[in-house]
Amino acid sequence: MSKPEEEAKEKQRDCSKKKKKKQTETKKEEEEEVRKEDKQVEKEEEQIDRVLLRGIFKVEKKSHDVLLTQTRLTWTPVVPESPTGEASVLQTGVLLMRDVFAVKVKKRRAAGQQLGGAVLGVSLFCCKKRGRALEEDTLHLHNASAEHTHTWYNTLKELLTGFSSRPRYLKVFINPSSHKKEAVHIYREHVAPLFKMADIRTEITVTERKGHALSVMKECKLDEFDGVVCVGGDGSVAELCHALVVRAQLDANSPEEPVKAVLPLGIIPAGSTDVISCSVHGVRDPVTAALHIVLGHLQQVDMCSFSSHGQLVHFGFSAMFGFGGRSLARAEKKRWMSSSRRREYALVKTLAKLRPEECQLSFLPAEKSNHSLFGHQDQNQEKVKDSKSEVEDSWRTNQGLYLNISIMSIPCLSPHAPQGLAPNTSLANGSASLTAVGNASRSEFIKHLKRYSSSSGQFSFPFVETHAVSAVKIRPCSLTGCFDEESEEEGDSKDTPIIQSEEAAFPWNIDGELVEIAREVHIRIHPRLITLYGEEVDEAESTVTCSCI
């Protein structure tokens, strides 16, 4: 091998060594950087969950070593060492601070004594889960030292004020006429004590008529409040949700496009079905609803806008046309009955006079929608035009006879339908569930209805179709809305709908409220338009079965 070749090989080996050395150094630097990041994360975690206080308290008459960190309270029994030196297994209790909503100093007072008294320790008021329900619970930490107790009390109080989503001042609307007229009693007995315990101030309005809450919300100074609470049924809730969005539009000077509601809404169920409350809580329980509010559990929720000929009719969560609208119209004529009897009467009567509606049904599949059509701005106007024309071409249109059409942006859970009337949607997935029930015999339609109360199968009929949609248009082809139940024939004609005059209006069931609309209705879904206090659930607790079918 010649000398130049040897020099070249040597140079190549040197370059290779330098390259490997550089790679090794780079790898070491990267590993060192990762170690530094891991140490920083560990340090931050230790900082977040560092021990703030440690002390001895009696829990259930036994001494415990109690530790308080930023996120939790733990207590371990103090057990003397055994003579044999055997270690005993200690049962440690844990309470997450996110579940605590109030802390009070516990004192011994004589009967009738309002102030003073010997300090006994601190009491932590918290919630615990039982199924889908939340229950109030209390942990008592006993210690006779006033100084020790107040140190713990002040620290715990400071931790609770750090939860920014928890309200401090609420605007409360109570509908005294809802269901069995128990709304005022429900609020005073089950809700007000929890609000007082959590140091939440309230301003209460007892509504006197339909639309009262809407008129108050339009004039109310919302910047003073942290949230709004509705004590009532689905109709009251829908009115307040509508009011919150309308008020946001007014404040933003945006009459054309919906604007997200500024304040969250808490729903205390006091109606006959409480579908909206069940969808965000899983149960019809005022205590569960109140605890979600005091703990600041927030859930973003989609809403629908219902308009006719360019005019806004209502903001809401669900609507039914056909059977659902007609049965509600019949129920409204029997307001003198109890709610359960009225509902069963209307259901049976409408089934007995079952008729299809002939209409043109158009819908935009959710996957074909474009956000630029639903309140989002696009920087490129040409792209907006192109996307709009593309979306227009994506509409699907069917014309025929339908027994019922429902559009629901929430699952609509209830004790009658534990999995919901629209189990294929959720609170905030940006779409709604369209269920179109075509013409069928009465017996087949009843089978379809009954399966809502069971586990599944309500959509496994050839005459039922479901779609995830972002917009829907319903144009009745024959004006069959106005009807007189006394003059209806008892026959069972299922192929020809009833024809009425051109001024007829069609009954719609929008969130449990009867709305009569004479022309085409356009429904649009608006993602996360409102915030509700609660947590989304997959299924409601079933406590009631319908006995009418």
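Numbering of residues starts from 1 in each chain and follows the order in which that chain's sequence is written. Local features in this predicted model are restricted to residues whose pLDDT is 70 or higher, and side-chain atom pairs enter the listing and the counts only when it is 80 or higher, whereas totals over whole chains, interfaces and linings include all residues. Only hydrogens and water are set aside when side-chain values are computed; all heavy atoms of the structure are taken into account.

Numbering of helices and strands starts at the N terminus; helices are DSSP runs of H or I of at least 4 residues and strands are runs of E of at least 2. Across its full length, the protein chain holds 11 helices and 21 strands. Only protein chains enter the accessibility calculation, which uses a 1.4 Å probe; a residue whose area is less than 20% of its type maximum is buried, one above 50% is exposed, and one in between is partly exposed. The 549 residues of the protein chain split such that 46% are buried. Here a residue-residue contact requires only that any non-hydrogen atoms of the pair lie within 4.5 Å. Of the contacts made within the protein chain by residues no fewer than 6 positions apart, 71% connect residues no fewer than 24 positions apart.

Once that is clear, we can look at empty space enclosed by the protein. To find leftover empty space, a probe the size of one water molecule is rolled over the atoms. For each structure, a 1 Å grid was placed over the protein atoms alone; sets of points admitting a 1.4 Å probe that cannot get out are labelled cavities, open sets with protein on both sides within 12 Å along at least five of seven lines are labelled pockets, and lining residues have an atom within 4 Å of a point. Grid points are joined across faces, edges and corners, and a volume is the space filled by probe spheres set on the points. For the structure shown, the criterion picks out 1 cavity of 30 Å³ or more. There is about 50 Å³ of room inside the largest cavity. The wall of the largest cavity is formed by Gly 322, Phe 323, Arg 326, Thr 350, Lys 353, Leu 354, Arg 355, Glu 357 and Leu 403. For this scheme, ten residues count as nonpolar: Ala, Val, Leu, Ile, Met, Phe, Trp, Tyr, Cys and Pro. Four count as charged, namely Asp, Glu, Lys and Arg, and the remainder, Gly too, count as polar. Of the residues that constitute the lining of the largest cavity, the class distribution is 3 nonpolar, 2 polar and 4 charged.

Stacked, tilted and edge-to-face pairs are distinguished by plane angle, under 30 degrees for stacked and over 60 for edge-to-face with tilted covering the rest, among Phe, Tyr and Trp rings (Trp via its six-membered ring) whose centres lie within 6.5 Å. Counted according to the given criterion, the structure contains 8 aromatic pairs. For the pair Phe 321 and Trp 508, a centre-to-centre distance of 5.0 Å together with 40° between the ring planes defines the contact as tilted. Taken together, the positions of Phe 321 in strand β14 (residues 318-322) and Trp 508 in strand β19 (residues 506-510) put the pair 187 residues apart, joining distant regions of the chain. Take Phe 321 and Trp 508: they sit in the same class, and that class is buried. Aromatic pair Tyr 452 and Phe 459: ring centres 6.1 Å apart, planes at 85°, arrangement edge-to-face. Taken together, the ring pairs connect Phe 321, Phe 506 and Trp 508 into an aromatic cluster. Both a distance and an angle decide whether a charge sits over a ring: NZ of Lys or CZ of Arg must be within 6 Å of the ring centre and within 35 degrees of the ring normal. Above the face of the Phe 163 ring, Arg 166 is positioned so that its terminal group lies 4.1 Å from the ring centre.

One broad trend across soluble globular proteins is that nonpolar side chains are buried collectively. Judged by nonpolar contacts, the single largest core of 36 residues is most densely connected at Leu 265, Ile 530 and Leu 532. Among the elements of the structure, β8 (169-174), α4 (212-219), β10 (227-232), α5 (234-252), β11 (265-269), α6 (275-281), β12 (298-308) and β21 (521-533) are those that each provide at least two residues to this core. Where each domain starts and ends follows an automatic or database-derived domain assignment. When we break this core down by domain, the ones giving at least three residues each are domain 2 (165-296) and domain 3 (302-367 + 395-478 + 504-525). Ignoring anything within four residues of it in the chain, the contact list for Leu 265 reads Val 228, Val 229, Cys 230, Val 237, Leu 240, Cys 241, Leu 244, Thr 531, Leu 532 and Tyr 533. Joining through side-chain atoms within 4.5 Å is the link that ties buried Ala, Val, Leu, Ile, Met, Phe, Trp, Tyr and Cys residues into a set, and such a set is a nonpolar core.

Bringing the packing of helix α3 (residues 183-197) against helix α7 (residues 286-294) into the picture now. For helices, the fitted line uses only the C-alpha atoms of the stretch in contact; every axis is such a line through C-alpha atoms, and the angle between N-to-C directions lies from 0 to 180 degrees. Close contact between α3 and α7 brings their axes to 9 Å; oriented N to C, the two are set at 25°. Here α7 runs roughly parallel to α3, going by the angle between their axes. Crossing of α3 against α7: the hand is right-handed. In this structure, α3 uses Ile 186, His 190, Val 191, Leu 194 and Phe 195 to contact α7, whose residues at the interface are Pro 286, Val 287, Ala 290, Leu 291, Ile 293 and Val 294. For the contact of α3 with α7, the per-class residue count stands at 10 nonpolar, 1 polar and no charged. Roughly parallel refers to an angle under 35 degrees, roughly antiparallel to one over 145, roughly perpendicular to one between 65 and 115, and oblique to any angle outside these ranges. Two helices crossing with the near one rotated counterclockwise from the far one by less than a right angle form a left-handed crossing, whereas a clockwise rotation gives a right-handed crossing.

Our next topic: the confidence of the model for the protein chain. Think of pLDDT as the predictor's per-residue confidence, scored from 0 to 100. In the predicted model, the protein chain carries a mean pLDDT of 82, and the fraction of residues at 70 or more is 77%. Ranking the elements of the protein chain by mean pLDDT puts helix α10 (residues 381-393) last, at 54, and β8 first, at 96. Counted against residues more than four places away or in other chains, residues 370-381, with its pLDDT under 50, gives 17 contacts.

We now examine unusual backbone geometry. You will see that Glu 60, though not glycine, has its phi angle at about 55°, which is positive. As for its position among the elements, Glu 60 is in the loop between β1 (51-59) and β2 (62-69). You will see that Asn 253, though not glycine, has its phi angle at about 55°, which is positive. Within the secondary structure, Asn 253 sits in the loop between α5 and β11.

Bringing the layout of surface pockets into the picture now. Quantified by volume, the second largest pocket comes out at close to 390 Å³. Mapped onto the lining of the second largest pocket, the elements with two or more residues apiece are β12, β13 (311-316) and β21. When residues are assigned to domains, the lining of the second largest pocket turns out to be shared by domain 2 (165-296) and domain 3 (302-367 + 395-478 + 504-525), each giving three or more.

Counted residue by residue, β19 has 5 buried out of 5 residues, so it is predominantly covered. Side chains of β19 alternate between two faces, with Phe 506, Trp 508 and Ile 510 and Pro 507 and Asn 509 buried alike. Should DSSP find at least two bridges between two strands, the strands are taken to pair. In terms of strand pairing, β19 meets strand β20 (residues 513-517) through 5 bridges, oriented antiparallel. Of the residues in β20, the one forming a bridge with Ile 510 is Glu 513. Between β19 and β20, which follow one another and run antiparallel, lie 2 residues, and Asp 511 among them has a positive phi close to 55°.

Two elements in contact, α4 and α5, have axes whose closest approach is 9 Å; the angle formed by their N-to-C orientations is 25°. By the angle class used here, α4 and α5 are roughly parallel. For the crossing formed where α4 meets α5, the hand is right-handed. Two secondary-structure elements touch here, α4 through His 212, Ala 213, Leu 214, Met 217, Lys 218 and Glu 219 and α5 through Glu 239, Leu 240, His 242, Ala 243, Leu 244, Val 246, Arg 247 and Leu 250. Its residues assigned to classes, the contact of α4 with α5 shows 8 nonpolar, 2 polar and 4 charged.

In this analysis, the expected span of each helix is defined as 1.5 Å times one less than the number of residues it contains. The first and last C-alpha atoms of α3 sit 20 Å apart over 15 residues, in line with the 21 Å expected at 1.5 Å per residue. The angle between axes fitted to the seven residues ending at a residue and the seven residues starting there is what we call the bend at that residue. For α3, the principal kink sits at Val 191 and spans about 45°; a proline, Pro 193, occurs within the next four residues. Where α3 is concerned, the buried positions are Ala 183, Ile 186, Tyr 187, Val 191, Leu 194 and Phe 195.

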